[in-house]
Protein chains: 2
Amino acid sequence: MGTTEQDNLQTLAFTQSDERIQELLQRQHELSDLGGLSSLADWDQQTVMPAGAHEVRGHQMATLAGITHKRATDPRLGELLNELRNVVQKPEYTEADRGLVRIALRSYEQATKLPGELVEEAERVQVASIDAWLQAREQKDFALFAPWLTRTIALQREKADRLGYVETRYDALLDGSEPELTASRVEELFAPIREVSTRMLRRIMDSGKTISSETVEGNFSTEKQTQLSETLLKAMGYNFTHGLLARSVHPFTSSFGSPDDVRLTVRFDEQYLPMAMMAALHEGGHALYEQSVSRTFLRTYLASGASMGIHESQSRLWENVIGRSLSYWKGQYAHVQEVFPEKYKSIPVETFTHALNRVEPSLIRVEADEVTYNLHIIIRFEMEKAMVNGDVAVESLPSLWNAKYREYLGIEPENDTVGILQDIHWNSGFGYFPSYTLGNLYSAQIANKIRQSYPDLDERLATGDSSFILNWLREHLYQLGAMYLPADLLQRVTGEAANPQYLVNYLTEKFSAIYGLDAAE
Amino acid sequence: MGTTEQDNLQTLAFTQSDERIQELLQRQHELSDLGGLSSLADWDQQTVMPAGAHEVRGHQMATLAGITHKRATDPRLGELLNELRNVVQKPEYTEADRGLVRIALRSYEQATKLPGELVEEAERVQVASIDAWLQAREQKDFALFAPWLTRTIALQREKADRLGYVETRYDALLDGSEPELTASRVEELFAPIREVSTRMLRRIMDSGKTISSETVEGNFSTEKQTQLSETLLKAMGYNFTHGLLARSVHPFTSSFGSPDDVRLTVRFDEQYLPMAMMAALHEGGHALYEQSVSRTFLRTYLASGASMGIHESQSRLWENVIGRSLSYWKGQYAHVQEVFPEKYKSIPVETFTHALNRVEPSLIRVEADEVTYNLHIIIRFEMEKAMVNGDVAVESLPSLWNAKYREYLGIEPENDTVGILQDIHWNSGFGYFPSYTLGNLYSAQIANKIRQSYPDLDERLATGDSSFILNWLREHLYQLGAMYLPADLLQRVTGEAANPQYLVNYLTEKFSAIYGLDAAE
């Protein structure tokens, strides 16, 4: 363990002797408990809640949001934080104290800028919107969802205006996912990623080489897929005593304000194995992060990831950098063969891994390969900017969506369910999508750092052991929770600022090798 | 529809023109939303919550209870109710107004008598207690649970003292389940039930006749039992758009402050069919009641049953009076045969129904037959009185329990899990158990009334149709929710006060016929 890590461990404690810190903690505990209940209501809604309960659940969540908002904007909390913001800069206070005050202050400032009615209305709209979205998906008809998206856009614009911004209105929303990042900086980071994605896609298409998906198609019962997902999650280090695997329309991970209860969901396709399996690795990455946050941070806003981008870096690291590597499957493929012996007993691990890395322009983001994935995100990023900053008519959004798919990926959705209605995100707002590509960027940068510590990473992974990676991540990243700003954390973990070159190199090298392309171009 | 019912329907509305009623409704909505979230946290804990999440869930529930308590004791609410309690007696106000003010006033008075710290502590103890109870059950060791029961007893005594009572401390807790009932009145009502139960048990044992349980034993997969339970529930009229069936250690029904979301749980024994099937009918009875409450009462304390006893009368009516009758199974047995054809294709419905009415002294309350069931309750009622009014040492409770089982039922538990640890109730408090036998009493009285309206009840039930019973119950009872006090409601529905003679007659006639006893004795 290096000096930095020792420092971290020493500072993972709050100052007990300061009454103001203790008062802040007490208030954080209450807010965290209310947040946990809100997450529970949301979890329930997305996993098992009866269809006829949406109206009453909407009221419940609005009431809870209203109460939470009142406490989050208590003037006494403002006074306390105003005092503490300077106090904790003194050297006798810990990094944890400073992290706590920073995140509490940020939350207080955001909350005081938003009136309670706006927050309650947004909650109500979100609940009803999800209901409409599910119906619209079923009917393959965007028009059923459009009135709710219109309301969400209006509410998000109002929110952005109240929060304030320097460059564009969208920045205010982006800041909610990735503190202190701006759209113009995102554009800068995304430009080389867009370039490498389109270039690699073109080279692969031009090569005429294809990888068959037959290897991962067949008949896979939900029950057996669940068993496989659970086995892989256990092998990753996911702790089922503090979590569970469930099923939902859109996979997600939820902690309830605590590393003690971190649940994840997947969705199943009985004809297509990667749907659930890769979702398990993806959500498993999120879940490992949340489960590993220091218990010092229990019931505080620090018991969470540093940002959505950092969070996605961990889901993408486990899903892609690790979970689509040959070394990983050398160590785990036996589980797949055991659960589905008829299908896999005579298929070599190389063929299986190859099939997980098939590149093909497709319509569905969550099923996209690593080369095209970022193009899906860039489309959504551009559409969000148009909705928030521009004056695009809601009715024209599906055609805008379809046009962008033609332009970036050369294909077009047959209907809205596989088009603009595919993601749950726009039921709650905007600014999240860039996190996925930021996550890819960070994951390549962090993976590069891990490889420096473990030059024999591939050999060890191939033995079925990934615990050394988890331990490294816990020590350098996970235990810290939301103690640092994402940019500071990335600097701390990797020794440099966000740098897209690692992802560019990763995609170029990995897919040149898989498709046997000339590395020179 | 008679005059009474027309009156009911006319009064199932709140006075819109009175601002005070509207203010009360708004406050009720908020309290109901918070109650719904608390029920959700409890539902989650009992169905899927990971074992390692108990601590943090305890904090969340305590925080929620504290916030709810603060709102439930808001002095402004007290002023409002004090004004309304007289106002709503005027003839221009509706029965719904009067019911709302009555239940809100009752809740306010109870809440103001209990300090917030006591309520939060009770919540915290309940959550930790359930955890300890589950472990104690697993280890078959009451000692693991004893410290928590000791704390619950102390908290319940304090609660009773603060709520106040005229005769005995236990009355204060009983009132929480059955408003305005006292232990001495319960003893009066229970005496003839105890008498008929012991008499019929003795006569059956003396007759030497036995019914084999083999008919309902075998191999029944959880999956198929779930399917059967769902089919029977649908046939009863349970609406899955506003509910779902789940699995828990102890079966229960939960509404979340609304007829829109009423869920139930069962538990499975893969060797014993009635475990889940009869639990489905029992919980289904509770659920039909909750799902049928007038939507006028949505998000108010009226969206509930009139009392625990009235609630249990409906679970016991559907489970026993209907659900263990030959007429019912004549109409439903085909479903059982369809799900388990190998077992049941050649067993006649009479044999099947007979097996569901086997009388035998047993250790487990929820699996007990109708003849011995009330003895299980009388034991618990006596033990609760001893814990709350007396000075019994907690360590001696298992031997007291075992002694009572010897005395009343002639048998003794092998271990605490099938003895004193079998029920979840004592994790939260006392005063509920009498509701079950009150429920049996009320159910016989109400069933007698339904038979007066439908002399051809058995013939109709035998065709597979029970909707006429559900409709009668909806009209006369269910839609009214908690609008009337239980005694008033029973008087209204049956035309007389609680009368144990109906249950005495029901048990005597039914089991004399089943066991071929001489009706004369």
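The residue numbers shown here count from 1 along each chain, following its written sequence. Written order decides the labels, with chains lettered from A and ligands numbered from 1. For this predicted model, a pLDDT threshold of at least 70 governs which residues receive local features, and a threshold of 80 or more governs which side-chain atom pairs are given and counted, while totals over whole chains, interfaces and linings are taken from all residues. Side-chain figures throughout are based on the complete set of non-hydrogen atoms in the structure, without hydrogens or water.

Helix and strand counts for chain A stand at 22 helices and 3 strands. As defined in this context, the radius of gyration uses C-alpha atoms, and a globule is described by 2.2 Å times the residue total to the power 0.38. At 23 Å, chain A has a C-alpha radius of gyration in line with the 24 Å of a compact globule built from 521 residues. Overall, chain A is about 65 × 55 × 45 Å in size when its C-alpha atoms are taken along their principal axes. Here chain A holds 521 residues, and 60% of them are scored as buried. Should any heavy atoms of two residues lie within 4.5 Å, those residues are counted as being in contact. The contacts in chain A between residues at least 6 apart in sequence include a share of 75% that link residues at least 24 apart. Counting 50 positive and 73 negative side-chain charges, chain A places the averaged centre of each group 0 Å from the other. Helix and strand definitions here come from DSSP, where helices need a minimum of 4 consecutive H or I residues and strands a minimum of 2 consecutive E residues; each element is numbered from the N-terminal end. Residue exposure (1.4 Å probe, protein chains only): buried if accessible area is under 20% of the type maximum, exposed if over 50%, otherwise partly exposed. For the charge count, each Lys or Arg is scored as positive and each Asp or Glu as negative, with His and the chain ends excluded. Charged groups are reduced to one reference atom each: NZ for lysine, CZ for arginine, CG for aspartic acid, CD for glutamic acid.

With 37 residues of chain B at the contact, the number on the chain A side is 37 residues. The junction of chain B with chain A conceals about 3,000 Å² of combined surface from both sides, 63% of it contributed by carbon and sulfur atoms. Each reported salt bridge corresponds to a side-chain nitrogen of Lys or Arg within 4 Å of a carboxyl oxygen of Asp or Glu. For the pair chain B and chain A, the number of links is 6 salt bridges. Salt-bridge contacts for A:Asp44 lead to B:Arg263; the nearest nitrogen and oxygen are separated by 2.8 Å. A quick way to say it: buried area is the sum, across both parts, of accessible area lost when two parts are put together, with a 1.4 Å probe.

Right, let's get into the sheet that holds strand 2 (residues 253–255) of chain A. Residue and element names in this part refer to chain A. Reading across from one edge, 1-3-2 is the order of the 3 strands in this open sheet, with mixed pairing throughout. Single-partner strands in this sheet number two, and they are strand 1 (245–247) and strand 2. Here the strands of the sheet are splayed against their neighbours by 30° on average, with no regard to which way each runs. Paired strands, in this sense, are two strands between which DSSP finds at least two bridges. Here strand 1 pairs with strand 3 (residues 262–266) via 3 bridges, running parallel. Within the sheet, the bridge partner assigned to Leu-245 lies in strand 3 and is Leu-264. Across the face of the sheet, helix 11 (residues 274–291) comes into contact with strand 2 and strand 3 while running at roughly 165° to strand 3. Axis lines are fitted through C-alpha atoms, for helices just across the contact stretch, and the angle between N-to-C directions can take any value from 0 to 180 degrees.

Looking now at the pattern of salt bridges. Going through the model one piece at a time under the given rule, you end up with 70 salt bridges over all chains. With a closest N to O distance of 2.6 Å, A:Lys510 and A:Glu370 form a salt bridge. Residue A:Lys510 is found in helix 22 (residues 501–514), and its partner A:Glu370 is found in helix 16 (residues 370–389); the two are separated by 140 residues along the sequence. A:Glu370 matches A:Lys510 in its accessibility class, with the two residues each being buried. B:Glu83 serves as the salt-bridge partner of B:Arg20, at 2.9 Å between the closest nitrogen and oxygen. One end of the pair, B:Arg20, is in helix 2 (residues 19–47); the other, B:Glu83, is in helix 4 (residues 75–87), and 63 residues separate them in sequence. Taken together, the salt bridges that share partners define one network made up of A:Glu23, A:Arg27, A:Asp74, A:Arg76 and A:Glu79.

Right, let's get into the confidence of the model for chain A. Residues and elements named next belong to chain A. Within a predicted model, pLDDT stands for the predictor's per-residue confidence, ranging from 0 to 100. In this model, chain A carries an average pLDDT of 94, and 97% of its residues clear a pLDDT of 70 or more. Confidence over residues 1–8 falls short of pLDDT 50; this stretch has 11 contacts with residues more than four positions distant or in other chains. Across the interface, the model reports ipTM at 0.89; the global pTM reads 0.90.

This brings us to helix 16 of chain A. Residue and element names in this part refer to chain A. The end-to-end C-alpha distance of helix 16 is 29 Å, a good match for the 28 Å that 20 residues give at a rise of 1.5 Å each. Taking burial as the measure, the 20 residues of helix 16 include 18 buried ones, the bulk of the element. Think of a polar contact as two N or O atoms within 3.5 Å of one another; within protein, one of them needs to be a possible hydrogen donor and the other a possible acceptor, and neighboring residues in sequence only count if both atoms come from side chains. With a side-chain oxygen lying 2.9 Å from the backbone nitrogen of Val-371, the N-terminal cap of helix 16 falls on Asp-369. The span you would expect from a helix comes to 1.5 Å times its residue count less one.

Glancing now at the relation of the copies chain B and chain A. Least squares is used to superpose the copies, and the fit set is the C-alpha atoms of residues whose pLDDT is at least 70 in both copies. Once chain B is rotated about the relating axis by 180° and shifted along it by 0.0 Å, it coincides with chain A to within an RMSD of 0.0 Å. Taken together, the rotation and translation relating the two chain copies correspond to the operation of a two-fold axis. Distance from the rotation axis, computed per C-alpha, reaches its smallest value in chain B at B:Leu37: 3.7 Å.

Before going further, it helps to examine the environment of B:Ile322. All names here are of chain B. You can see Ile-322 is positioned in helix 12 (residues 308–322). Separated by 33 residues in the primary sequence, Ile-322 and Tyr-289 place their C-alpha atoms 15 Å from one another. Residue contacts for Ile-322: discarding those within four places in its chain leaves Leu-317, Tyr-328, Leu-461 and Ile-469.

Here we come to the packing of aromatic side chains. Aromatic ring pairs are defined here through the distance separating the ring centres and the angle between the ring planes. Between rings of Phe, Tyr and Trp, where Trp is taken as its six-membered ring, a pair exists when centres lie within 6.5 Å; planes separated by under 30 degrees are stacked, by over 60 edge-to-face, and by other angles tilted. A complete count under the given rule lists 46 aromatic pairs over all chains for this structure. Put simply, the rings of A:Tyr373, A:Trp401, A:Tyr405, A:Trp426, A:Phe430, A:Tyr432, A:Phe433 and A:Tyr436 touch in pairs and so form one group of aromatic residues. By definition here, charges over rings are those cases where NZ of Lys or CZ of Arg is within 6 Å of the ring centre and within 35 degrees of the ring normal. Between A:Arg380 and the ring centre of A:Phe433, over which it is positioned, the NZ or CZ distance is 5.5 Å. Just above the ring of B:Trp43 sits the side chain of B:Arg263; from NZ or CZ to the centre is 5.3 Å.

Consecutive side chains of a regular strand alternate in pointing toward one face of the sheet and then the other. All names here are of chain B. The element strand 3 (residues 262–266) is largely enclosed, with a buried count of 5 among its 5 residues. Here strand 3 shows two buried faces, one formed by Val-262, Leu-264 and Val-266 and the other by Arg-263 and Thr-265. The loop that links strand 2 (residues 253–255) with its antiparallel partner strand 3 comprises 6 residues; one of these, Gly-257, has a positive phi angle of about 75°.

We now examine the sheet that holds strand 2 of chain B. Residues and elements named next belong to chain B. As summarised here, the arrangement of the 3 strands in space is 1-3-2, forming an open sheet in which the pairing is mixed. Pairing within the sheet leaves two strands with one partner each, and these edge strands are strand 1 (245–247) and strand 2. Along the sheet, successive strands turn relative to each other by an average axial angle of 30°, direction set aside. Examined bridge by bridge, strand 2 and strand 3 share 3 bridges and lie antiparallel to one another. Paired with Ser-254 across the strands is Arg-263, a residue of strand 3. Along the sheet face, helix 2 touches strand 1, strand 2 and strand 3 and points at about 25° away from the line of strand 3.

Our focus in this paragraph is the side chain of A:His311. The topology assignment puts A:His311 in helix 12 (residues 308–322). Beyond its immediate chain neighbours, meaning those up to four positions away, A:His311 contacts A:His286, A:Tyr289, A:Glu290 and A:Gly305.

This brings us to helix 4 of chain B. Residue and element names in this part refer to chain B. Across its 13 residues, helix 4 extends 19 Å between first and last C-alpha, which sits within 8% of the 18 Å expected from 1.5 Å per residue. For helix 4, the set of buried residues is Leu-77, Gly-78, Leu-80, Leu-81, Leu-84 and Val-87. Buried positions along helix 4 lie against helix 2, helix 3 (54–72) and helix 5 (95–113). The opening residue of helix 4, the one whose side-chain oxygen lies 3.0 Å from the backbone nitrogen of Arg-76, is Asp-74.

A few words now on unusual backbone geometry. All names here are of chain A. We note that Lys-140 has phi near 55°; this positive angle belongs to a residue other than glycine. With relative accessibility at 49%, the residue Lys-140 sits in the partly exposed group. Although it is not a glycine, Glu-180 sits at a positive phi angle of roughly 70°. The residue Glu-180 is located in the loop between helix 8 (169–177) and helix 9 (183–207) in this model.

Attention shifts here to the packing of helix 2 (residues 19–47) of chain A against helix 3 of chain B. Following both chains from N to C, one finds helix 2 of chain A and helix 3 of chain B inclined at 100°, their axes separated by 9 Å at the closest point. Taken together, the axes of helix 2 of chain A and helix 3 of chain B are roughly perpendicular relative to one another. Between helix 2 of chain A, through A:Glu30, A:Asp33, A:Leu34, A:Gly36, A:Leu37 and A:Leu40, and helix 3 of chain B, the contact on the second element is made entirely by B:Arg57, B:His59, B:Gln60, B:Thr63, B:Leu64 and B:Ile67. Each residue belonging to the contact of helix 2 of chain A with helix 3 of chain B can be placed in one class, and the counts come to 5 nonpolar, 4 polar and 3 charged. The labels follow the angle: roughly parallel below 35 degrees, roughly antiparallel above 145, roughly perpendicular from 65 to 115, and oblique for the rest. In this count, Pro and Cys sit with the nonpolar residues alongside Ala, Val, Leu, Ile, Met, Phe, Trp and Tyr, while Asp, Glu, Lys and Arg are called charged and the others, Gly among them, polar.

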